[in-house]
Amino acid sequence: MSFPKKPGGKGLDVLQTLPRISLANLRPEPGARHRERRRGRGQHGGNRSGRGHKGERQRGTRPRLGFEGGQTPFYLPLSLKRLQYLIDLGRVDPTQPIDLTQLVNARGVTIQPLKRDYGVQLVDEGADVFAAKINIEVQRASEGAIAAVERNGGVITTSFYDPISLDILIKPVPFFMRGQPIPKRMLPGEDMVPYYRSAENRGYLADPAKIQEARLALAQKYGYVLPDISVDELYRMLATRKDVRQIFFGLSPGWVVNLTERKILKPTDEKLLKYYSS
Amino acid sequence: MFRFTVAVFGRGVAKRFCSSFPAEGALPPNLHLPANLVDPSRLRRPPPLADCSLPLLRRCDAAVPAHLSPMQTWVESLLTEDGEPLGLAQLHPDVFGVNPRMDILHDVEKWQRNYKRVSHAHTKVRSEVRGGGKKPWRQKGSGKARHGSIRSPIWRGGGVSHGPRGPTSYYYMLPMKVRVQGLKVALSAKMAQDYLHVVDSLNVPTPDSQYLQDLIRHRQWGESVLIVDVAEEFPENLLRATADLKKVNLIPAIGLNVHSMLKHEAVVLTLETIKFLEDKLLWHDQRYSPLYPFRLPYRDLP
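On a predicted model such as this, the values are computed, not experimentally measured, just so you know.

Here is what the cut-offs are and how they apply
Residues numbered from 1 in each chain as written. Chains lettered and ligands numbered in written order. Predicted model: local features only at pLDDT ≥ 70, side-chain atom pairs only at ≥ 80, totals over all residues. Heavy atoms only, no water. Patch = residues over 30% accessible without salt bridge, like charges linked within 9 Å, V, L, I, M, F, W, Y side chains within 5 Å. Areas by Shrake-Rupley, 256 points an atom, 1.4 Å probe, with all protein chains shown as cover. Salt bridge = Lys/Arg side-chain N within 4 Å of Asp/Glu carboxyl O. Buried < 20%, exposed > 50% of the residue type's maximum accessible area, 1.4 Å probe, protein only. Contact = heavy atoms within 4.5 Å. Buried area = accessible area lost by both parts, 1.4 Å probe. Polar contact = N/O pair within 3.5 Å; in protein donor to acceptor, adjacent residues only side chain to side chain. Helix = DSSP H or I, 4+ residues; strand = E, 2+ residues; numbered from the N terminus. Nonpolar A, V, L, I, M, F, W, Y, C, P; charged D, E, K, R; others polar. Pairing = 2+ DSSP bridges. Axes fitted to C-alpha atoms, helices over the stretch in contact; angles between N-to-C directions. Core = buried A, V, L, I, M, F, W, Y, C linked by side-chain atoms within 4.5 Å. pLDDT = per-residue confidence, 0-100. Arc of directions from axis to C-beta. Phe/Tyr/Trp six-rings, centres within 6.5 Å; stacked < 30°, edge-to-face > 60°. Lys NZ or Arg CZ within 6 Å of the ring centre and 35° of its normal. Parallel < 35°, antiparallel > 145°, perpendicular 65-115°, else oblique.

## What to know about a nonpolar patch on the surface
On the surface, B:Leu27, B:Leu31 and B:Leu33 cluster together into a nonpolar patch covering about 260 Å² of accessible area. By relative accessible area, which is 43% here, B:Leu33 ends up partly exposed.

Written out as structure tokens, the structure reads:
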């Protein structure tokens, strides 16, 4: 548009010739208000009232929508293309370790722990356009995604969050307002322990030496030169990893955070310290 | 093309309608016109031109989108009775020049009326009416109609079958952005229909309410005026002048709402109020969606 458009358009021009808008002039759009459908009235609407014959349908006892009958965990996919988009727009800061909290603050993913979400999985769509050196922590990652992150000199870790820790992680401020001490992160269940102990998945329970070997093996498999991160200027940031029982960077389990007075309270009792450091 | 034909048809109808009047301006004496009919004799100062000599007292703080330009209005003063404008002010088009969505105005006004409503109408059901546990007479042989209780709904004094039950709440919340858009549409409508007036400050020379009424009548602002200011304390003169007036009301800027704006004919804003309103209303266009309620602290959102 070469010339600026008039704000409000023709509507505001028309308003100048119309009577004053007052409480007596308001009405909804024609067709906006529908008559509600009333069940069980009349010759054809009555009898079974549109509910069919017997069974859960008529008796109104069907299970809730989407019920599958199980506790299948969902890992929300996060593609590398979306991650690159968030970094480019400045919503996610690549100079700090990228956590699920950072992703949720950037509104990159929406996690609902009440719907059996267990976290985020990194998917390798967009691996060819991905070019950012990041320290990222997700819950699952495909091999191609791990290769893409490490090829650019980044560090990727997979870790487990039980539903309570996940809820605290994605919404830290409402948790701090509750005034409860930060709980310990629970270890994964039996079936997920082998996943998080293997170095190929870069699990947080795996041996660091084996992870280094796995990095070299993956570089050979995918055919790229593994950049040496120990000489990097951001090496300290890239090497920060959370403890097995830790939920937040810099905050240990057992501490109480007071946001209004900006104070952190730490436990002094021996038993508490022993419990929280186990 | 359809709109063009409608416009042509409309103009033809108006010409035919006007020709039935006897003479220009001679209306029959017993004609009852509605109070809010558009009055052509109402003082309508033309909008300021680009080459006006008066100073620009306020520029838009927020960034105006490239395809829109800020709107200009006169800035007046309450110190003198005759309204010579002191200067010009720029208004943001995304707050004072949005599309006139009447349906949003209707929804927001209806919400304002109803979300606080608790209807206390309550009737007793046949089980709640005192008495009526015993069968009045035996089932057969008495010659009377069969009944089980004296408080059934067909009896006089019996319970009501489908009446209002207890305090009912009509609480519901419209999405935050709809309510914000309602405010913007109301301000734009007032601006477009020339009922919005900008004043540099609310200092009045006398605490006399007659002075205010003369001022309003002289400047033809309308019957009722709503004066909005950011500060929680209004100047004493103005407080005393408006204390006895029913149709001139003061309201703080955080209390500005669609119902009050539509109830009063004219709305008077100060320059600080305009800044406050623009900040608050434009923030919602650019904010992130809430993870938790906005009243809890956010570190990165303003």
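## Structural notes on the interface of chain A and chain B
Taken together, the contacts link 34 residues of chain A with 41 residues of chain B. With both sides pooled, the region where chain A packs onto chain B buries about 3,200 Å², and carbon together with sulfur makes up 63% of that total. On the chain A side of the contact with chain B, A:Arg20, A:Leu23 and A:Arg107 bury the most area, a combined 24% of that side's loss. Summed over the shared surface of chain A and chain B, the number is one salt bridge. The partner of A:Arg33 in a salt bridge is B:Asp107, with the nearest N and O atoms 3.0 Å apart. Summed over the shared surface of chain A and chain B, the number is seven residue pairs in polar contact (both at pLDDT 80 or more). Looking at the side of chain A that touches chain B, the elements with two or more residues in it are helix H1 (9–17), helix H4 (100–105) and helix H7 (172–178) of chain A. For the side of chain A that touches chain B, the leading source of residues is H1(A), giving seven residues. Taken together, the residues of the side of chain A that touches chain B sort by class into 17 nonpolar, eight polar and nine charged.

## Remarks on the sheet that holds strand S6 (residues 196–199) of chain B
Residue and element names in this part refer to chain B. Spatial strand order, S1-S3-S2-S6-S9-S7-S8: seven strands in an open sheet with mixed pairing. Either end of the sheet is taken by a strand with one partner, and the two such strands are strand S1 (56–58) and strand S8 (248–252). Averaged over all neighbouring strand pairs, the angle between strand axes comes to 35 degrees, with direction disregarded. The pairing of strand S2 (residues 71–76) with strand S3 (residues 87–91) spans five bridges and is classified as antiparallel. The partner of Met71 across the bridge, within S3, is Leu91. Packed on one face of the sheet, helix H4 (residues 176–192) meets S2, S3, S6 and strand S9 (266–270) and runs near 90 degrees to S6.

## What to know about the nonpolar core
In terms of nonpolar packing, the biggest core is built from 51 residues, with A:Leu80, A:Leu83, A:Leu100, A:Leu103, A:Leu122 and A:Ile134 touching the most fellow members. Counting residues per element, the ones that place at least two in this core are helix H3 (80–89), H4, strand S2 (117–123), strand S3 (135–138), helix H5 (143–151), helix H6 (163–170), H7 and helix H9 (208–222) of chain A. Of all the elements, H5(A) adds the most residues to this core, at five residues. Here A:Leu100 is in contact with A:Val109, A:Ile111, A:Val120, A:Glu137, A:Gln139, A:Leu166, A:Leu169 and A:Ile170, once residues within four sequence places are set aside. If you look at the next biggest cluster of nonpolar residues, it comprises 41 residues, including A:Leu15, A:Leu26, B:Leu226 and B:Leu282.

## Notes on the confidence of the model for chain B
Residues and elements named next belong to chain B. Scored by pLDDT, chain B comes out at a mean of 87, with 88% of its residues at no less than 70. The low-confidence segment residues 4–19, where pLDDT is below 50, has zero contacts with residues more than four positions distant or belonging to other chains. As a predicted assembly, this complex carries a pTM of 0.83 together with an ipTM value of 0.81.

## Structural notes on the side chain of A:Asn135
Residue and element names in this part refer to chain A. For Asn135, the location among the structural elements is in strand S3. One polar contact links the side chain of Asn135 to the main-chain carbonyl oxygen of Leu238, over a distance of 3.2 Å. Of note is the side chain of Asn135, whose polar atom sits 3.0 Å from the backbone oxygen of Thr240. Not counting chain neighbours up to four residues away, the residues in contact with Asn135 comprise Pro97, Ile98, Val155, Met237, Leu238, Ala239 and Thr240.

## A closer look at the environment of B:Met173
Residue and element names in this part refer to chain B. Looking at the secondary structure, you find Met173 in the loop between strand S5 (168–169) and H4. Along the chain, Met173 and Asn99 lie 74 residues apart, while their C-alpha atoms are 23 Å from each other. Contacts of Met173, omitting those with residues within four sequence positions, involve Trp111 and Arg179.

## Topic: H3(A)
Residues and elements named next belong to chain A. Three or more residues of H3 are buried, namely Leu80, Leu83, Gln84, Leu86 and Ile87. When H3 is viewed along its axis, its buried side chains cluster within an angular range of 160 degrees and face the same direction. Relative to its buried face, H3 has exposed residues pointing more than 90 degrees away, namely Asp88 and Leu89. Buried positions along H3 lie against strand S1 (74–79), H4, S2, S3 and H5. Phi turns positive one or two residues past the end of H3, at Gly90, with a value near 85 degrees.

## Re the packing of aromatic side chains
Residue and element names in this part refer to chain A. Evaluation of the coordinates by the stated rule reveals 13 aromatic pairs over all chains. Consider the rings of Phe175 and Phe176, whose centres lie 5.8 Å apart with planes at 55 degrees: the pair is tilted. Classification of Phe175 as buried rests on a relative accessible area of 1%. Ring pairing ties together the aromatic residues Tyr75, Tyr118, Phe160, Tyr195, Tyr196 and Tyr204, which thus form one cluster. The aromatic ring of Trp255 is capped on one face by Lys266, whose charged end is 4.3 Å from the ring centroid.

## Considerations on the packing of H5(A) against H9(A)
Residue and element names in this part refer to chain A. Viewed as axis vectors pointing N to C, H5 and H9 meet at an angle of 100 degrees, and their least axial separation amounts to 10 Å. Viewed along their axes, H5 and H9 adopt a mutual orientation that is roughly perpendicular. Within the contact between the two elements, H5 uses Glu143, Gly144, Ile146, Ala147 and Glu150 and H9 uses Arg215, Leu218, Lys221 and Tyr222. For the contact of H5 with H9, a count of residues per class yields four nonpolar, one polar and four charged.

## A look at the sheet that holds S1(A)
Residue and element names in this part refer to chain A. The three strands lie next to each other as S1-S2-S4, forming an open sheet whose pairing is parallel. Each having just a single partner strand, S1 and strand S4 (140–141) make up the two edges of the open sheet. As paired strands, S2 and S4 are joined by two bridges and run parallel to one another. When the sheet's bridge partners are listed, Leu122 is paired in S4 with Ala141. Here H3 sits on the sheet in contact with S1 and S2, set at roughly 60 degrees to S1.

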